[in-house]
Amino acid sequence: MRKNLPDKEFFIGKPLPGGMGHYVIDEYINSGGNAHMFRAYSSALNHYMACKIIPKANLPVNKLGQDAWFIEPQKANSLTNPMVVKCSHHLLWKDNTHGIDCFVLCYEYVKGKNLAEYIKDNKNEISIAFVLDFLKSILALLHEM
């Protein structure tokens, strides 16, 4: 379900809005049901960030009309487990000419593969030790949550 997602090509090469213009989106990473994920780079800081761009139309609100979706970055930031990537900025990206009305959540960029990609690329190398380490890490995170 990829409803309301704007054309991902629109964002490539564009600076982030809201005082974050020194970061320029340089790579598309993936899309989910409600958002696109990109990488942005600041040459001034020599730093990458991951940017989750979510159309406002895809964001849930609670019964009081409050932004229920904002719990995601708040909960991530409240955890101390080193596996959790913290949200550092939230921005509004609005461009009426191109029909863009989105929120941007910025996270520390972690280079590497996600678990599904890792398993796909290393099917024959998944050992019991790997599974045990993975389960210990996940259980520690779940315990904190």
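Refer to the preceding data block for the structure.
S.K.: What am I meant to see in the nonpolar core here?
M.R.: Soluble globular proteins tend to pack their nonpolar side chains together in the buried interior. Of all hydrophobic cores here, the largest spans 17 residues; its most connected members are F11, L16, I25, I53, W93, V104 and C106. Elements that contribute at least two residues to this core include exactly β1 (23-31), β2 (36-42), β3 (47-55), β4 (87-95) and β5 (100-108). Among the elements that make up this core, the one with the highest residue count is β5 (4 residues). Not counting residues within four places of it along the chain, the set of residues in contact with L16 comprises G21, Y23, I25, A40, M49, C51, L91, W93, V104 and C106. Listed in part, the 9 residues of the second largest apolar core include A35, W69, F103 and Y107.

S.K.: Mind showing me how you'd approach the packing of aromatic side chains here?
M.R.: By convention here, two paired aromatic rings are described through the distance between centres and the angle between planes. With the rule as written, the count across this model stands at 8 aromatic pairs. Ring centres of F10 and F11 lie 5.0 Å apart, and the angle between their planes is 85 degrees; on these two criteria the pair is classed as edge-to-face. When its relative accessible area of 11% is taken as the criterion, F10 is described as buried. Ring centres 5.7 Å apart and planes at 65 degrees place the aromatic pair Y28 and F38 in the edge-to-face group. Taken together, the residues Y28 in strand β1 and F38 in strand β2 connect sequence positions 10 residues apart. By way of ring pairs, the aromatic residues F10, F11, Y28, F38 and W93 are connected into one cluster. Taking the ring centre of F10 as reference, the NZ or CZ of K14 above it sits at 4.2 Å. In this structure, R39 is placed above the aromatic ring of Y109, and the distance from its NZ or CZ to the ring centre is 5.7 Å.

S.K.: How do you make sense of the environment of N77 when you look at a structure like this?
M.R.: Looking at the secondary structure, you find N77 in helix α1 (residues 71-78). By relative accessible area, N77 is classed as partly exposed at 36%. With 11 residues separating them along the chain, N77 and S88 place their C-alpha atoms 8.6 Å apart. Setting aside residues no more than four positions away along its own chain, N77 makes contact with K86 and C87.

S.K.: Honestly, a nonpolar patch on the surface in this entry has me stumped. Any pointers?
M.R.: Together, L115, Y118, I119, V131, F134, L135, L139, L142 and M145 make up a nonpolar patch on the protein surface, roughly 800 Å² of accessible area in all. A per-element tally of the nonpolar patch places helix α3 (residues 128-144) first, with 5 residues. Overall, F134 belongs to the partly exposed group, its relative accessible area being 31%.

S.K.: Looking at this model, I keep getting lost on the side chain of K52. Mind explaining?
M.R.: Looking at the secondary structure, you find K52 in strand β3. Within the structure, K52 has its side chain in polar contact with the side chain of E72 (distance 3.1 Å). Ignoring any residue separated from it by four or fewer positions in sequence, one finds K52 in contact with A35, H36, M37, E72, F103, V104 and L105.

S.K.: Explain the side chain of H36 to me, please; I cannot follow it from the model alone.
M.R.: As for its position among the elements, H36 is in strand β2. Polar side-chain contacts of H36 include one of 2.5 Å to the side chain of S31. Excluding anything up to four places from it in sequence, H36 contacts L5, P6, K8, F11, Y28, N30, S31, C51, K52 and I53.

S.K.: Help me understand the pairing of β4, please; the structure alone is not making it clear to me.
M.R.: Here β4 pairs with β5 via 8 bridges, running antiparallel. Paired with H90 across the two strands is L105, which belongs to β5. Counting the residues that bridge the hairpin from β4 to β5 gives 4 residues, and of these G99 lies at a positive phi of roughly 70 degrees.

How each quantity is defined
Residues numbered from 1 in each chain as written. Predicted model: local features only at pLDDT ≥ 70, side-chain atom pairs only at ≥ 80, totals over all residues. Heavy atoms only, no water. Core = buried A, V, L, I, M, F, W, Y, C linked by side-chain atoms within 4.5 Å. Buried < 20%, exposed > 50% of the residue type's maximum accessible area, 1.4 Å probe, protein only. Helix = DSSP H or I, 4+ residues; strand = E, 2+ residues; numbered from the N terminus. Contact = heavy atoms within 4.5 Å. Phe/Tyr/Trp six-rings, centres within 6.5 Å; stacked < 30°, edge-to-face > 60°. Lys NZ or Arg CZ within 6 Å of the ring centre and 35° of its normal. Patch = residues over 30% accessible without salt bridge, like charges linked within 9 Å, V, L, I, M, F, W, Y side chains within 5 Å. Areas by Shrake-Rupley, 256 points an atom, 1.4 Å probe, with all protein chains shown as cover. Salt bridge = Lys/Arg side-chain N within 4 Å of Asp/Glu carboxyl O. Polar contact = N/O pair within 3.5 Å; in protein donor to acceptor, adjacent residues only side chain to side chain. Pairing = 2+ DSSP bridges.

All we've got here are geometric facts, nothing functional implied.
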